[in-house]
Amino acid sequence: MEIFRISKLNMCRWRRLLRLKSIDDPIEKEKQRYDQATFAYRLKMEDKRILLCVEPSIADSSDKFLVGIEPTIFSKEVKDKTIKFLEMEKLDKVISLTDVTIFPKVGGKGGETFSGTLEVHKNGFRYKAKATSRNPLIMHIYFDHIKTSFFRLGDEKMPPLLHFRMDPPLQMGREMTTDIEFYLKKSDLVYNEELDNFIEIVDAQWNFPPKSPCLFHELEKEFEFAGVLPWKASAAAFALTLFDLIVLVEDSPPLTVVPLLDIEFVNLALIRPREIDMTVILSDFKEDNVHQIRSIPIEFLARIKHCLNSSSVKYFVNTKELDWKAIVKDIAAFPREFIIKGGWDKFGLEDCDSLVYNGLVKEALDLEAALGPMLREGC
C-alpha cells in the first residue's frame, strides 16, 4: 500500500482551493456580508483613533470631544537594529538553491546584477554570488527580519521567483530596501520543481508562528487578475495573497508589494460595462500611496472580494469615480473636519442594502459593547 505524505505547503494549497470553491456558497456570501458590515464599523473607530488620537469609547460618545484635539502627525517609524550573526548549518545539512539572480541590483537601477546560490542556515539565509567588478557578494537574511514571504512558480509570463518583505529594511550596497527578490533563470518544469522542493524543505524546518499555516505563500494562478496601471498602456497582472496585493510587472524587479495590513479600504468601482476600477487607500493617508488599477474584467470581482474579506480588509462596491488623491490629501490636512462630517459615509460608498445591513450590525455591536461589563460581572 502506497502512503502519500501531505506537506504543509500542499495543505495550504488544498485549503486555498477549498476557499475558492466556497465563493458562490450562499452561507459564505452571508458571512462575507456580515464581515464587511463589521469592518465598516471598525473602520470608523480606527479612523477616529488614528486621525484624532481618540479612543473608540470616547470618540463614539459625542462629537464635542473632537473639538481642540490635535491630529496625528504621520511619520515613519524607525526601528532599532539588533546586531545579529548567522548561525551556520553543517555543510552536509545545508539546503541550497543555485543559479539565482537577486534583485534589486546592488548599487541601484544602474548597479550590477548578481547570480549566485541561496543557502538555508539555522537562523537565516545566506546568498553568495561572484562579482565581475568587486569582491564576492555575501548577504545574510535573518528569519525574524522577514515580515512576509511568497513565491511564484514560473510560466510563460515570468520565471520562478521567491520574495521577502524585510522589517527592518536590508542594506543592498549603499541603499536600503524592504523587498528582496530571487529569480531562477528559466521557467521550465525543472526549475519549478527545484523551487517547489526548496520551499517545501525549508517550510518543514522553519519555526514559523503558531497561527501561520505555512511559511511561504504561493501566488496561485486562481487568485491572479488582469488590470491596467495608470502609467502603463498595456495590461499587467496582479495577485492577492492573505497578506499582500502584488503587482506582477517583471520589467522593474523587485515586484511592487502592498501589505493588506496597511490598507484603509479598497474601492471597487463599476464605471464601465464588464470592468472594475480598483482604488487602494492606505491608512497612512498619504496621497502618494493611493494605488489604482483600472479595467479589471468583472469576472474577477468575486475572487477579489473573497480574498479581501478573508484578510479582514474593508471594500466598497459602487459606481463612484472620485479624485481619490485629492480626497486623501484633504483628510490628512483636515482630519477633524473629515470625522465630524461622517468620515467615509459622506462619499456614499456603500449601496442602500449594505447601509441597512451595516446599521443592524452596528446596533448589535454597540449593544454588545454596552453589555460587555455586565455580562463579565455575571460570569
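Rules used throughout
Within each chain, residues carry numbers counting from 1 in the order of the written sequence. Reporting in this predicted model follows two pLDDT cut-offs: at least 70 for local features of residues, and 80 or more for side-chain atom pairs to be given and counted; totals over whole chains, interfaces and linings ignore these cut-offs and use all residues. Side-chain calculation: all heavy atoms of the structure are included, whereas hydrogens and water are not. UniProt positions are given in the numbering used here, feature names are shortened, and annotations may be inferred rather than shown by experiment. The term salt bridge refers to a pairing of a side-chain nitrogen on Lys or Arg with a carboxyl oxygen on Asp or Glu at a separation within 4 Å. Secondary structure elements are taken from DSSP: a helix is a run of H or I of four residues or more, a strand is a run of E of two residues or more, and numbering for both begins at the N terminus. Note on exposure labels: buried denotes an accessible area under 20% of the residue type's maximum, exposed denotes more than 50%, and partly exposed covers the range between, all computed with a 1.4 Å probe on protein chains only. By nonpolar core is meant a set of buried Ala, Val, Leu, Ile, Met, Phe, Trp, Tyr and Cys residues that side-chain atoms within 4.5 Å join together. Note on definitions: a residue-residue contact is assigned when non-hydrogen atoms from the two residues lie within 4.5 Å. Here, expected helix span is obtained from the residue count minus one, scaled by 1.5 Å. Any N or O atom pair separated by 3.5 Å or less is treated as a polar contact, with the protein-specific requirement of one donor-capable and one acceptor-capable atom, and with residues adjacent in sequence counted only for side-chain atom pairs. Fitting a line to C-alpha atoms yields each axis, with helices limited to the stretch in contact; the angle taken between N-to-C directions then spans 0 to 180 degrees. Orientation labels follow simple angle bins: below 35 degrees gives roughly parallel, above 145 gives roughly antiparallel, 65 to 115 gives roughly perpendicular, and whatever is left gives oblique. Rotating anticlockwise by less than a right angle from the far helix to the near helix defines a left-handed crossing, while the corresponding clockwise rotation defines a right-handed one. Following the grouping adopted for this structure description, the nonpolar residues are Ala, Val, Leu, Ile, Met, Phe, Trp, Tyr, Cys and Pro, the charged ones are Asp, Glu, Lys and Arg, and the polar ones are all others, Gly among them.

As annotated in an unreviewed UniProt entry, the chain carries the name FACT complex subunit and is attributed to Papaver nudicaule. Of the comments in the UniProt record for the chain, the one headed Subunit (unreviewed entry) reads "Component of the FACT complex."

**A few points about the pattern of salt bridges**
Applying the stated criterion across every chain, the model contains 11 salt bridges. Notably, a salt bridge pairs D345 with K44, separated by 2.5 Å at the nearest N-O pair. Placement of D345 in the loop between α7 (335–340) and α8 (352–378) and of K44 in helix α2 (residues 26–52) is noted, with a sequence separation of 301 residues between them. For K44, a relative accessible area of 33% translates into the label partly exposed. E224 serves as the salt-bridge partner of R152, at 2.9 Å between the closest nitrogen and oxygen. Of the two residues, R152 is situated in strand β5 (residues 146–152) and E224 in strand β9 (residues 224–227); the sequence distance between them amounts to 72 residues. For the residue pair R152 and E224, the accessibility class agrees, reading buried in each case. Connected through salt bridges with shared partners, the residues E119, R126 and K128 form a single ionic network.

**Structural notes on the nonpolar core**
F125, Y127, I141, F164, F182 and F198 are the most contacted members of the largest nonpolar core, which totals 33 residues. Elements that contribute at least two residues to this core include exactly β1 (95–106), β2 (112–120), β3 (124–129), β4 (137–142), β5, β6 (161–172), β7 (175–184) and α4 (189–205). Excluding anything up to four places from it in sequence, I141 contacts G124, F125, I146, F164, M166, L170, I180 and F182. F238, L260, I296 and V313 belong to the second largest nonpolar core, which has 26 residues in total.

**Side note on α2**
Look at α2: 39 Å from first C-alpha to last across 27 residues, which is about the 39 Å you get at 1.5 Å a residue. The N-cap residue of α2 is D25: its side-chain oxygen and the backbone nitrogen of I27 are 3.2 Å apart. Following α2 by one or two positions, C53 adopts a phi angle in the positive range, close to 55 degrees.

**Description of the side chain of H121**
In this fold, H121 is placed in the loop between β2 and β3. Ignoring anything within four residues of it in the chain, the contact list for H121 reads L86, E87, M88, E89, V94, R126 and F143.

**Quick look at the packing of α2 against helix α5 (residues 301–310)**
Following both chains from N to C, one finds α2 and α5 inclined at 55 degrees, their axes separated by 10 Å at the closest point. Taken together, the axis directions place α2 and α5 in an arrangement best described as oblique. Between α2 and α5 the crossing geometry is left-handed. Taking contact as the criterion, the partners of E28, Q32, D35, Q36 and F39 in α2 are, on α5, K305, H306 and N309. Across the contact of α2 with α5, the residue classes break down as one nonpolar, four polar and three charged.

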